[in-house]
Amino acid sequence: MAAVYKGQWDAEGCRRFLAESVYPMRLACVADDGFPRVVSLWYSLVGEQLLCVSHRSSQLIALLEGNERVGFEVAPNEPPYRGVRGQGTVRLASDADGEVLTHMLQRYLGRSDSKLGRWLLSRADGEMVIRIEPTRMFSWDYSERMDDLS
């Protein structure tokens, strides 16, 4: 199912922003108590999907196993405000070989041999890929109206 795009940018503009940005994604899911949970995660755009990684033992994976529907946002915290938010469904898969995790370490830290990278990779056999298939995306860009702040 192709995502519906609304807002400032078309589909290509949203993809470009998501591919070039290295802001963590804010991923929202709903717990059994009906309250949303928001988690910041590294992500990568692969084709039309957003990939994240979390350990199998995390509460996030347990929540996603119970409800595949999510919301997400990728945006900087500083002006000019711009970004992409949306909704989608999740599929989970093992990342036991650490391939996606290694990609995330390279994307966000520029290397995988840091202390953090070595620790994360030492647990790779328990990592899960969170594959988000967006159904809706909304973009905004306040760069012009905030150009005197950047």
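Conventions and cut-offs
- Residues numbered from 1 in each chain as written.
- Predicted model: local features only at pLDDT ≥ 70, side-chain atom pairs only at ≥ 80, totals over all residues.
- Heavy atoms only, no water.
- Disulfide = S-S within 2.5 Å.
- Buried < 20%, exposed > 50% of the residue type's maximum accessible area, 1.4 Å probe, protein only.
- 1 Å grid on protein atoms, 1.4 Å probe; cavity = no way out; pocket = protein on both sides within 12 Å on 5 of 7 lines; lining within 4 Å.
- Points joined across faces, edges and corners; volume = space filled by probe spheres on them.
- Helix = DSSP H or I, 4+ residues; strand = E, 2+ residues; numbered from the N terminus.
- Nonpolar A, V, L, I, M, F, W, Y, C, P; charged D, E, K, R; others polar.
- Core = buried A, V, L, I, M, F, W, Y, C linked by side-chain atoms within 4.5 Å.
- Contact = heavy atoms within 4.5 Å.
- Pairing = 2+ DSSP bridges.
- Axes fitted to C-alpha atoms, helices over the stretch in contact; angles between N-to-C directions.
- Parallel < 35°, antiparallel > 145°, perpendicular 65-115°, else oblique.
- Left-handed = near helix turned anticlockwise from the far one by under 90°.

> Whenever I open this one, the state of the cysteines confuses me. Can you help?
Covalent bonding between the sulfur atoms of two cysteines defines a disulfide. Counted according to the given criterion, the structure contains zero disulfides. Cysteine cysteine 14 remains unbridged, with the sulfur of cysteine 52 as its closest cysteine sulfur at 17 Å. By relative accessible area, cysteine 14 is classed as buried at 1%. With no disulfide partner, cysteine 52 has as its closest neighbouring cysteine sulfur the one in cysteine 29, 11 Å distant.

> What is the right way to read the layout of surface pockets from this model?
Any empty space left between the atoms is revealed when a probe the size of a water molecule rolls over them. Each pocket or cavity is described by its volume, and for the largest pocket that value is around 270 Å³. Ser40, Leu41, Trp42, Val53 and Ser54 are, among the 14 residues lining the largest pocket, the residues nearest its centre. Contributions of two or more residues to the lining of the largest pocket are made by strand 3 (36-41), strand 5 (49-55) and helix 3 (99-109). Partitioning the lining of the largest pocket into residue classes produces nine nonpolar, three polar and two charged.

> Would you take a moment to explain the environment of methionine 104 for this structure?
Within the secondary structure, methionine 104 sits in helix 3. Assessed through its relative accessible area of 1%, methionine 104 is described here as buried. With 60 residues separating them along the chain, methionine 104 and serine 44 place their C-alpha atoms 7.1 Å apart.

> I tried to follow the nonpolar core on my own but got confused; where do I start?
In summary, soluble globular proteins display a tendency toward joint burial of nonpolar side chains. In terms of nonpolar packing, the biggest core is built from 35 residues, with Leu18, Met25, Leu27, Tyr43, Leu50, Ile130 and Ile132 touching the most fellow members. Going through the elements one at a time, helix 1 (11-20), strand 2 (25-30), strand 5, helix 2 (59-66), strand 6 (69-74), strand 7 (82-94), helix 3 and strand 8 (127-141) are the ones with two or more residues in this core. Not counting chain neighbours up to four residues away, the residues in contact with leucine 18 comprise Tyr43, Leu45, Leu50, Val74, Val84, Arg107 and Met137.

> Mind showing me how you'd approach unusual backbone geometry here?
Outside of glycine, negative phi angles account for most residues, and trans bonds account for most peptide bonds. Look at the link from proline 79 to proline 80: it is a cis peptide, with omega at -5°. With respect to the secondary-structure elements, proline 80 resides in the loop between strand 6 and strand 7.

> I'm lost on the pairing of strand 3 in this one. Help?
When strand 2 meets strand 3, the two strands line up antiparallel, connected through six bridges. Opposite valine 30, over in strand 3, you have proline 36 as the bridge partner. Counting the residues between successive antiparallel strands, the hairpin from strand 2 to strand 3 contains five residues, one of them, glycine 34, with a positive phi of roughly 85°.

> Where do I start with the packing of helix 3 against helix 4 (residues 115-122) in this structure?
To describe two helices that pack against each other, one gives the angle between their axes and the distance between the axes. The N-to-C vectors of helix 3 and helix 4 enclose an angle of 165°; their axes lie 10 Å apart at closest approach. Classified by the interaxial angle, the pair formed by helix 3 and helix 4 is roughly antiparallel. Crossing angle aside, the handedness with which helix 3 passes helix 4 is right-handed. Contacts between helix 3 and helix 4 involve Leu101, Thr102, Leu105 and Leu109 on the former and, on the latter, Leu116, Gly117, Leu120 and Leu121. Each residue belonging to the contact of helix 3 with helix 4 can be placed in one class, and the counts come to six nonpolar, two polar and no charged.

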